[in-house]
Amino acid sequence: MTANAILTDLIQRPAQAAEALPALSPDQLNTHLGGHPNSIAWLLWHSGREIDAQLSDLTGFPQQWEDFRERFDLGEIGETFGLGHTPEQAAQIRVDDQRLLIDYLKAALNACAEYADTLTDADLAEVIDENWTPPVTRGVRLVSVIDDAVQHIAQADFIAGALG
């Protein structure tokens, strides 16, 4: 199995997990369990946004958000991707449509998989950010972005279970 095949498989895991979530009402999607700032809607939205924004930084291509912005109708807060949100900002992310959240996540993941499929081993090993110790390679950045999504989808699944 090649590095690209492993990465492509990994990239599809968050979408599979999101599709496996139970059908949730708007109230369930937007519940802040135990007063935590991150609702299921925020977690799914953030997962798509962070993949989308970071992938756009890597590729220079437009974000998938361009095709989803109007459907989400989140205003200025929707232009962020959740990193550093205060509890008040996180609460502004209210989305009543579970399918929309999953479709956006899948669009970002599909773009990521298409990009990953074009990369060589040398591309994956290229240092793209020297502000960390050790410096971050393209491959590490992609794994990090996907790992973040996996963790957030697992959190959404936990919340859904607690609500159900």
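Everything here concerns the structure above.
Residues numbered from 1 in each chain as written. Predicted model: local features only at pLDDT ≥ 70, side-chain atom pairs only at ≥ 80, totals over all residues. Heavy atoms only, no water.

1. Thoughts on the packing of helix H3 (residues 40-59) against helix H6 (residues 98-117)
Relative orientation of the contacting elements H3 and H6 amounts to 25°, with a least axis distance of 9 Å. Judged by the inter-axis angle, H3 sits roughly parallel to H6. Our pair here, H3 against H6, has a crossing hand that is left-handed. Taking contact as the criterion, the partners of Ala-41, Leu-44, Trp-45, Ser-47, Gly-48, Arg-49, Ile-51, Asp-52, Leu-55, Leu-58 and Thr-59 in H3 are, on H6, Leu-101, Tyr-104, Leu-105, Ala-108, Leu-109, Ala-111, Cys-112 and Tyr-115. Taken together, the residues of the contact of H3 with H6 break down into 14 nonpolar, three polar and two charged. (Axes fitted to C-alpha atoms, helices over the stretch in contact; angles between N-to-C directions. Helix = DSSP H or I, 4+ residues; strand = E, 2+ residues; numbered from the N terminus. Parallel < 35°, antiparallel > 145°, perpendicular 65-115°, else oblique. Left-handed = near helix turned anticlockwise from the far one by under 90°. Contact = heavy atoms within 4.5 Å. Nonpolar A, V, L, I, M, F, W, Y, C, P; charged D, E, K, R; others polar.)

2. Concerning the environment of Phe-158
Mapped onto the fold, Phe-158 is located in helix H8 (residues 138-163). On the basis of relative accessibility, which here comes to 59%, the residue Phe-158 falls in the exposed class. Placed 118 residues apart in sequence, Phe-158 and Ile-40 show a C-alpha to C-alpha distance of 9.4 Å. (Buried < 20%, exposed > 50% of the residue type's maximum accessible area, 1.4 Å probe, protein only.)

3. Quick look at H8
The end-to-end C-alpha distance of H8, which contains 26 residues, comes to 38 Å, matching closely the 38 Å that a straight helix rising 1.5 Å per residue would cover. Residues of H8 that are buried: Arg-138, Gly-139, Arg-141, Leu-142, Val-145, Ile-146, Ala-149, His-152, Ile-153, Ala-156, Ile-159 and Ala-160. Tucked inside the fold, the buried residues of H8 contact helix H1 (3-19), H3, H6, helix H7 (121-125), strand S1 (127-129) and strand S2 (136-137). (Expected span 1.5 Å × (residues − 1).)

4. As for the side chain of Asp-129
Mapped onto the fold, Asp-129 is located in strand S1. Asp-129 sits in the buried class, given a relative accessible area of 14%. Dropping the residues within four chain positions of it, Asp-129 is found in contact with Pro-135, Val-136 and Arg-141.

5. Brief notes about H6
In this model, H6 (20 residues) spans 28 Å end to end at C-alpha, consistent with the 28 Å of a helix rising 1.5 Å per residue. Where H6 starts, the residue carrying a side-chain oxygen 3.0 Å from the main-chain nitrogen of Arg-99 turns out to be Asp-97. (Polar contact = N/O pair within 3.5 Å; in protein donor to acceptor, adjacent residues only side chain to side chain.)

6. Let's talk about the nonpolar core
If you look at the biggest cluster of nonpolar residues, it comprises 47 residues, and the most contacted ones within it are Ile-51 and Phe-72. Among the elements of the structure, H1, H3, helix H4 (65-72), H6 and H8 are those that each provide at least two residues to this core. Other than its neighbours up to four places away in sequence, Phe-72 contacts Trp-45, Trp-65, Val-95, Leu-100, Leu-101 and Tyr-104. (Core = buried A, V, L, I, M, F, W, Y, C linked by side-chain atoms within 4.5 Å.)

7. Description of the pattern of salt bridges
For side chains bearing opposite charge, pairing can occur when the charged atoms are close. On inspection of all chains with the given rule, the structure shows eleven salt bridges. Here Glu-19 ties to Arg-99 by a salt bridge, and the two come within 2.6 Å at their closest N and O atoms. Residue Glu-19 is located in helix H1, and its partner Arg-99 is located in helix H6; the two are separated by 80 residues in the primary sequence. Judged by relative accessible area, Arg-99 falls into the partly exposed class, the value being 38%. What you see here is one network of salt bridges that share partners, running through Glu-19, Arg-99, Asp-103 and Lys-106. (Salt bridge = Lys/Arg side-chain N within 4 Å of Asp/Glu carboxyl O.)

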